[in-house]
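For reference, the chains in residue letters:
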Amino acid sequence: DAGVTQSPTHLIKTRGQHVTLRCSPISGHKSVSWYQQVLGQGPQFIFQYYEKEERGRGNFPDRFSARQFPNYSSELNVNALLLGDSALYLCASSVAWGIAEKLFFGSGTQLSVL
Amino acid sequence: AQSVSQHNHHVILSEAASLELGCNYSYGGTVNLFWYVQYPGQHLQLLLKYFSGDPLVKGIKGFEAEFIKSKFSFNLRKPSVQWSDTAEYFCAVSGNTPLVFGKGTRLSVIA
């Protein structure tokens, strides 16, 4: 079975641009979460979606948005990119929504903002 | 708000040495505790988790962790490390919110 897949794997943008990151969960998983991992830090929670509805949001500015599609795949959008947005963006899927759910992580999208 | 502290940024051990990585969390309510591992070039994967019951939890690859509620700790242990255990280890906690991760501990095992 395929794991969580993310695209693209690497991305280079310049300040002020917009970026869209994509995630396909494991088949049968209905929840997708997004995390940002800055170099030298642990992953930081951005969003969680379940059944196409936002179920949780971390402490990120409104420039960050996401959505989940009927097939449970998800997009993370970041507007007006800043240098500080450079990070590894991780997507994780789980069967259902809940704090005790086991998360399965993708390999991430490495975003570099110049 | 929940927070997680991992005491060691980088640990270097020889093969067959014993390992203990510290993890402390701050949250007053019921918590779920996790250790995740990230091998070089690979994605994060779950090592073990604690939800309730026996505070000594056994995970994959010979790892175990002990939940000590009075100390708000969930330290990771392995009696004898191997070169293949070289990786980044993350402690994480979920109380009333999604997972909060610590900053991670990089483990380097040398022959």
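Everything below is about the structure printed above this text.
Here is what the cut-offs are and how they apply
Residues numbered from 1 in each chain as written. Chains lettered and ligands numbered in written order. Predicted model: local features only at pLDDT ≥ 70, side-chain atom pairs only at ≥ 80, totals over all residues. Heavy atoms only, no water. Helix = DSSP H or I, 4+ residues; strand = E, 2+ residues; numbered from the N terminus. Buried < 20%, exposed > 50% of the residue type's maximum accessible area, 1.4 Å probe, protein only. Contact = heavy atoms within 4.5 Å. Buried area = accessible area lost by both parts, 1.4 Å probe. Salt bridge = Lys/Arg side-chain N within 4 Å of Asp/Glu carboxyl O. Polar contact = N/O pair within 3.5 Å; in protein donor to acceptor, adjacent residues only side chain to side chain. Pairing = 2+ DSSP bridges. Core = buried A, V, L, I, M, F, W, Y, C linked by side-chain atoms within 4.5 Å.

1. Quick word on the environment of B:K69
Residue and element names in this part refer to chain B.
Stage number 1. In this fold, K69 is placed in the loop between strand 8 (64–68) and strand 9 (73–78).
Stage number 2. Using a relative accessible area of 63% as the deciding quantity, one classes K69 as exposed.
Stage number 3. Along the backbone, K69 and L99 are 30 residues apart, and their C-alpha atoms lie at a distance of 18 Å.

2. Concerning the interface of chain A and chain B
Stage number 1. Each partner contributes residues to the interface: chain A has 16 residues there, and chain B has 19 residues.
Stage number 2. Here chain A packs against chain B, burying approximately 1,500 Å² in sum over the two surfaces, 62% of which is carbon and sulfur.
Stage number 3. For the pair chain A and chain B, the number of links is zero salt bridges.
Stage number 4. Where chain A packs against chain B, one counts zero residue pairs in polar contact (both at pLDDT 80 or more).
Stage number 5. Mapped onto the side of chain A that touches chain B, the elements with two or more residues apiece are strand 4 (31–37) and strand 5 (44–50) of chain A.

3. Some details on the pairing of strand 1 (residues 3–6) of chain B
In regular strands, side chains alternate between the two faces of the sheet.
Residue and element names in this part refer to chain B.
Stage number 1. What you see with strand 1 is a clean split: V4 and Q6 sit on the buried side and S3 and S5 on the side with no burial.
Stage number 2. Strand direction decides the pairing type here: strand 1 and strand 4 (residues 23–26), joined by four bridges, are antiparallel. Bridging from a neighbouring strand, S3 pairs with S26 of strand 4.

4. Overview of the nonpolar core
Residues and elements named next belong to chain B.
Stage number 1. Counting residues in each nonpolar core, the largest one holds 28 residues, and the members touching the most others are L33, W35, L47, L48, F74, L76 and Y89.
Stage number 2. Looking at this core element by element, the count peaks at four residues for strand 10 (residues 87–94).
Stage number 3. Setting aside its immediate chain neighbours within four residues, L47 contacts W35, Y36, V37, G59, I60, F63, L76 and Y89.

5. Some words on the pairing of strand 9 of chain B
Residues and elements named next belong to chain B.
Stage number 1. For strand 9, the tally of buried residues reaches five of six residues, placing the bulk of the element in the interior.
Stage number 2. Here strand 3 (residues 19–21) pairs with strand 9 via three bridges, running antiparallel. The partner of L19 across the bridge, within strand 9, is K78.
Stage number 3. In the sheet, strand 8 pairs with strand 9 via five bridges, with the strands oriented antiparallel. Paired with I68 across the bridge in strand 9 is S73.

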